[in-house]
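So the chains spell out like this:
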Amino acid sequence: MDQNALARRLRKQDERLYEQLMANYGRLLWTIVSGILAGCGTKEDVEEVVSDVFVELWQNPHLFDPSRGEIKAFLCVKAKSRAIDRLRQLRRVDAVPLDEVEDSAAGDLLEQLLSRMTLGRILGLLAEMGQPDQEILTLRLIYTVKPADIAAKLRLPVNLVYEKIRRGKAKLASALKREGMYDG
């Protein structure tokens, strides 16, 4: 759909368009938010953040500027931003001063933090990919679905799924290396 036409429909608060956006991007936003809130937030926190993204768009449709990119990227950025805000909010409640953390636990804490940061970045990179690559890699890397099951679900040849996984992993590794988040 033309992004300018989409923006006009958003400003008219076309309910069918909002339903379509939720159907098309709800699962993607759920994946992004749940990855950022992993180990800290609840299912309800994830649901609330995803809902907040769509509510904000409904209440402020002028925030989407088609000259700056597509609606998919806009929604992903909003979801990531709101999820980080929620993570900060949740962490304030459970925060433990670093001087109270034992040395051995501090290493574990750092490892967990780096793991979450990497997962958050992977989700961001996945959000930038086109379909079906995005869905294939999300199913494989995040939900550990077997390639044969992915192929059946998406009605694609198994060899194609394996190839897309191989190429996608290489693309993710390259991006993470450039950002200093992966040294493999």
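As shown above, the structure is provided for reference.
Residues numbered from 1 in each chain as written. Predicted model: local features only at pLDDT ≥ 70, side-chain atom pairs only at ≥ 80, totals over all residues. Heavy atoms only, no water.

Attention now moves to the nonpolar core. Core analysis: the biggest nonpolar cluster contains 38 residues, and Leu10, Leu21, Leu57, Ile71 and Leu75 have the highest contact counts within it. Counting only elements with at least two residues in this core, the list comes to helix H1 (3-11), helix H2 (15-36), helix H3 (43-59), helix H4 (71-94), helix H5 (103-128) and helix H8 (158-178). If one sorts the elements of this core by residue count, H2 sits on top with nine residues. What leucine 10 contacts, discounting residues up to four positions off in sequence, is Leu17, Tyr18, Leu21, Leu57, Pro61, Phe64 and Ile71. If you look at the next biggest cluster of nonpolar residues, it comprises six residues, including Ile136, Ile150, Ala151 and Val161. (Core = buried A, V, L, I, M, F, W, Y, C linked by side-chain atoms within 4.5 Å. Buried < 20%, exposed > 50% of the residue type's maximum accessible area, 1.4 Å probe, protein only. Helix = DSSP H or I, 4+ residues; strand = E, 2+ residues; numbered from the N terminus. Contact = heavy atoms within 4.5 Å.)

What follows deals with the packing of aromatic side chains. The final tally for this structure, using the stated rule, is two aromatic pairs. When the centroid spacing of 4.7 Å and the interplanar angle of 75° are considered together, the rings of tyrosine 18 and tryptophan 58 count as edge-to-face. Here tryptophan 58 lies in helix H3 and tyrosine 18 lies in helix H2, a separation of 40 residues in the sequence. A residue is classified by how much of its surface remains accessible, and tyrosine 18, at 4% relative accessible area, is buried. A relative accessible area of 31% places tryptophan 58 in the partly exposed class. (Phe/Tyr/Trp six-rings, centres within 6.5 Å; stacked < 30°, edge-to-face > 60°.)

Relative to the assigned elements, lysine 72 resides in helix H4. Buried and unpaired, lysine 72 has no salt bridge, with glutamate 70 as the nearest side chain of opposite charge at 7.0 Å. (Lys, Arg positive; Asp, Glu negative; His and termini not counted. Salt bridge = Lys/Arg side-chain N within 4 Å of Asp/Glu carboxyl O.)

What follows deals with the pattern of salt bridges. Tallying each qualifying case throughout the model produces 11 salt bridges. Residue arginine 82 pairs with aspartate 52 through a salt bridge whose shortest N-O separation is 3.8 Å. With arginine 82 in helix H4 and aspartate 52 in helix H3, this residue pair connects regions lying 30 residues apart in the sequence. Overlapping salt bridges bring together Asp52, Glu56, Lys78 and Arg82 as one network.

Take helix H6 (residues 133-142) next. Taken residue by residue, H6 has Gln134, Glu135, Ile136, Leu137, Thr138 and Leu139 as its buried positions. Just beyond H6, the residue with positive phi is threonine 144, at close to 50°.

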